[in-house]
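Listed below are the residues making up each chain.
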Amino acid sequence: MPTPDATPRVQLAEQLAEATVEALRQDLAGRERALLVLSGGSTPVPFFRALSSRDLPWSRVDVTLADERWVPEAAEASNARLVREHLLVGPASSANFVSLITDDATPEQGAEAVARRIVALPWPASMVVLGMGGDGHTASLFPDSRELDLALSTADAVVAVRSPSQPQARITLSADRLHQARRHALHITGGDKRSVLARALSGDDLRELPIRAFLSCPLAVYWAP
């Protein structure tokens, strides 16, 4: 639990970790395995650390990502590396991590193999934890991506994505697949992100702010300054 002098972001991370653990516990009481879908970036690191030490039957938990940069797992930009370094340690090290990367040169070449991995997981997910960028993107659903319409509409599990605003090609779970969860949470910090969320809530154009694709389902918002 957070100490009394913990920063608001650390307190938020602890609260989200507790909610995630409770979701997994509830679902594991009635099924053999549970699925947790996480987002990358710098915001979730305190959450990963808080979650890693929690007491759970982690060997019955599958963990995957909402999206990934098409880089080797050892690369600094890899979301998988972030998960391995900050979540899959201590008690959580026995969880089964399912990567979104293959040895193929491009995400377009690897998408079919990744989709097979993803479809084989125990859906619906217990929890999908989303992040959001300053442009309103979530997962790798970017407003300037030519694949955005496909990612928002396809029943396929994953979509290869290229965005002019991003240095690396990416692979993302589709909006349809991300919707296949018992619970959704949005983890954001800072005043700028709060303002973007307020804008998103005041309109309905998914292509302008793709986070809107998830505002119509029950979404627990975890925000700290």
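Just so it is clear, the model here is predicted, and its values are computed rather than measured. (Residues numbered from 1 in each chain as written. Predicted model: local features only at pLDDT ≥ 70, side-chain atom pairs only at ≥ 80, totals over all residues. Heavy atoms only, no water.)

> Sorry if this is basic, but what is going on with the UniProt feature "domain: Glucosamine/galactosamine-6-phosphate isomerase" (unreviewed entry) in the chain here?
As annotated by UniProt and renumbered to match this structure, "domain: Glucosamine/galactosamine-6-phosphate isomerase" (unreviewed entry) occupies residues 11–215. The distance from the first to the last C-alpha atom of residues 11–215 is 24 Å, and the span holds 34% helix and 17% strand. (UniProt positions renumbered as here; feature names shortened; annotations may be inferred. Helix = DSSP H or I, 4+ residues; strand = E, 2+ residues; numbered from the N terminus.)

> What's the story with the side chain of Glu147 in this structure? I'm lost.
Counting through the fold element by element, Glu147 comes out in the loop between strand S5 (127–130) and helix H5 (148–153). The exposure class assigned to Glu147 is buried, which follows from its relative accessible area of 12%. A polar atom in the side chain of Glu147 sits 2.9 Å from the side chain of Ser145. Only 2.9 Å separates the side chain of Glu147 from the backbone nitrogen of Arg162, close enough to count as a polar contact. With residues up to four places along the chain from it excluded, the contact list for Glu147 reads Val159, Ala160, Val161 and Arg162. (Buried < 20%, exposed > 50% of the residue type's maximum accessible area, 1.4 Å probe, protein only. Polar contact = N/O pair within 3.5 Å; in protein donor to acceptor, adjacent residues only side chain to side chain. Contact = heavy atoms within 4.5 Å.)

> Is there a simple way to explain the packing of helix H2 (residues 45–52) against helix H3 (residues 79–86) in this structure?
To characterise two packed helices, one gives the angle between the axes of the helices and the distance between these axes. At a minimum axis separation of 9 Å, H2 and H3 run at an interaxial angle of 40°. Regarding the angle of H2 to H3, the classification is oblique. The handedness of the crossing between H2 and H3 comes out as right-handed. On H3, the residues that touch Val45, Phe48, Arg49 and Ser52 of H2 are Leu82, Val83 and His86. Partitioning the contact of H2 with H3 into residue classes produces four nonpolar, two polar and one charged. (Axes fitted to C-alpha atoms, helices over the stretch in contact; angles between N-to-C directions. Parallel < 35°, antiparallel > 145°, perpendicular 65-115°, else oblique. Left-handed = near helix turned anticlockwise from the far one by under 90°. Nonpolar A, V, L, I, M, F, W, Y, C, P; charged D, E, K, R; others polar.)

> Please clarify how the nonpolar core should be interpreted in this entry.
Across soluble globular proteins, you tend to see nonpolar side chains buried next to one another. The biggest cluster of nonpolar side chains holds 78 residues, and the ones touching the most others in it are Val37, Phe47, Leu87, Ile118, Val158 and Leu178. A per-element tally of this core places helix H1 (residues 8–28) first, with eight residues. The residues contacting Phe47, other than those within four sequence positions of it, are Ala13, Leu16, Ala17, Thr20, Leu38, Val129 and His187. (Core = buried A, V, L, I, M, F, W, Y, C linked by side-chain atoms within 4.5 Å.)

> I would appreciate a short explanation of the pattern of salt bridges in the present structure.
If charged atoms from side chains of opposite charge come close, those side chains can pair. For the structure on display, the rule yields 16 salt bridges. Note that Glu147 is salt-bridged to Arg146, the shortest N-O span being 3.0 Å. Accessibility expressed as a relative area gives 68% for Arg146, which makes it exposed. Its salt-bridge partner being Arg199, residue Glu208 comes within 3.3 Å of it at the nearest N-O pair. Residue class for Arg199 comes out partly exposed when judged on its relative accessible area of 40%. Overlapping salt bridges bring together Glu14, Glu18 and Arg54 as one network. (Salt bridge = Lys/Arg side-chain N within 4 Å of Asp/Glu carboxyl O.)

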